[in-house]
Amino acid sequence: MIATPAWPPQSTPRLYVAAPLAPGSLRIEGPAAHYLGTVMRTRVGDPVKLFDDLTGEWLAVAASVGKRDLVVDVTERLRERETVPDLWLCAAPLKKGRVDWMAEKACELGVARFVPVITRRTVVDKPNTERLRAHMIEAAEQCDRTALPEVAEPVKLAALLRDWPESRTLFFADETGGAPAAEAMRSHSGPAAILIGPEGGFDAEERDAIRACPHAVGIGLGPRILRADTAAAAAVAVWMAATGDWGNPMARSFIAA
């Protein structure tokens, strides 16, 4: 007996749409249309998966394919928007390339909010937040995410600490020494944020200001020296394992192509 092919196929392209999705006709233009029509060679009748960071993931079918646009019929919702753990990543912007990588990993690992923090040693004081969001969207499309991190406007460290919410623990990577990250995170449940400094770390005055914040907890990330982008990914991974959603037995685990 011949098995019925899976529908939609595993190879179905996925795209983020910056508008609430619902059943009906939808026109796709610009780079997304080029990707579907030229790169993926989508034809009339082919399936497409769409997500909007609001209502979840939807199945659509190509109704017409033109040179500059593509019309799809959105037919059914495949999944609700995923639940995201309440974790912020507050990090000093790095040089182009490394900060893009950090943004990608923040999305892949399930961070709810990404906050660029300007410190005295920050190399890039005007990060391109639109570019960072574009990298997050690409990561979400590839990694089957239905939620995107919020990208906040850059904020100076002093302002971040001054306005810090009382209900949120601030774990900061302290290169001079702190409690083992997993141990500290397990003992502080609830809304949290991770603060990562720039290349060269925080200066002494900044470190004292962070420690003076009543909600700050210094953490160590092991015996090895880590680059700032590596430290960010490592700290988020530890938090997800210690108190986030990695312990959910229903969670899927796979490697994106």
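In what follows, the structure referred to is the one given above.
Residues numbered from 1 in each chain as written. Predicted model: local features only at pLDDT ≥ 70, side-chain atom pairs only at ≥ 80, totals over all residues. Heavy atoms only, no water.

Here we have 5 strands laid out as an open sheet, ordered 1-3-4-5-2, and mixed in their pairing. Looking at which strands have only one partner, the edges of the open sheet turn out to be strand 1 (14–16) and strand 2 (24–29). This sheet shows a mean twist of 40° between the axes of neighbouring strands, independent of strand direction. Note: strand 4 (residues 57–65) against strand 5 (residues 69–79), 8 bridges, orientation antiparallel. Residue pairing in the sheet places W58 in a bridge with R77 of strand 5. (Pairing = 2+ DSSP bridges. Helix = DSSP H or I, 4+ residues; strand = E, 2+ residues; numbered from the N terminus. Axes fitted to C-alpha atoms, helices over the stretch in contact; angles between N-to-C directions.)

Moving on, we come to the pairing of strand 5. Examined bridge by bridge, strand 2 and strand 5 share 6 bridges and lie antiparallel to one another. Residue pairing in the sheet places R27 in a bridge with V71 of strand 5. Here strand 4 folds back onto strand 5 in antiparallel fashion, the turn holding 3 residues.

The next point concerns the packing of aromatic side chains. Aromatic rings considered in pairs are described by the distance between their centres and by the relative angle of their planes. Applying the stated criterion across every chain yields a total of 2 aromatic pairs. Note on Y16 and F51: the rings are 5.6 Å apart at their centroids and 55° apart in plane angle, and the pair reads as tilted. You can see Y16 sitting in strand 1 and its partner F51 sitting in strand 3 (residues 47–51), a full 35 residues away along the chain. In this structure, Y16 and F51 share a single accessibility class: buried. Between W88 and W164 the ring centres are 5.7 Å apart and the planes differ by 75°, which places this aromatic pair in the edge-to-face class. Within this pair, whereas W88 is found in strand 6 (residues 87–91), its partner W164 is found in the loop between helix 4 (157–162) and strand 10 (169–173), the two being separated by 76 residues in sequence. For W88, a relative accessible area of 16% corresponds to the buried category. Taking relative accessible area as the criterion, W164 reaches 8% and is therefore assigned buried. Between the NZ or CZ atom of R113 and the centre of the ring of W88, over which it lies, the distance is 4.7 Å. When the ring centre of W88 is taken as origin, the NZ or CZ atom of R168, which lies over that ring, is 3.9 Å away. (Phe/Tyr/Trp six-rings, centres within 6.5 Å; stacked < 30°, edge-to-face > 60°. Buried < 20%, exposed > 50% of the residue type's maximum accessible area, 1.4 Å probe, protein only. Lys NZ or Arg CZ within 6 Å of the ring centre and 35° of its normal.)

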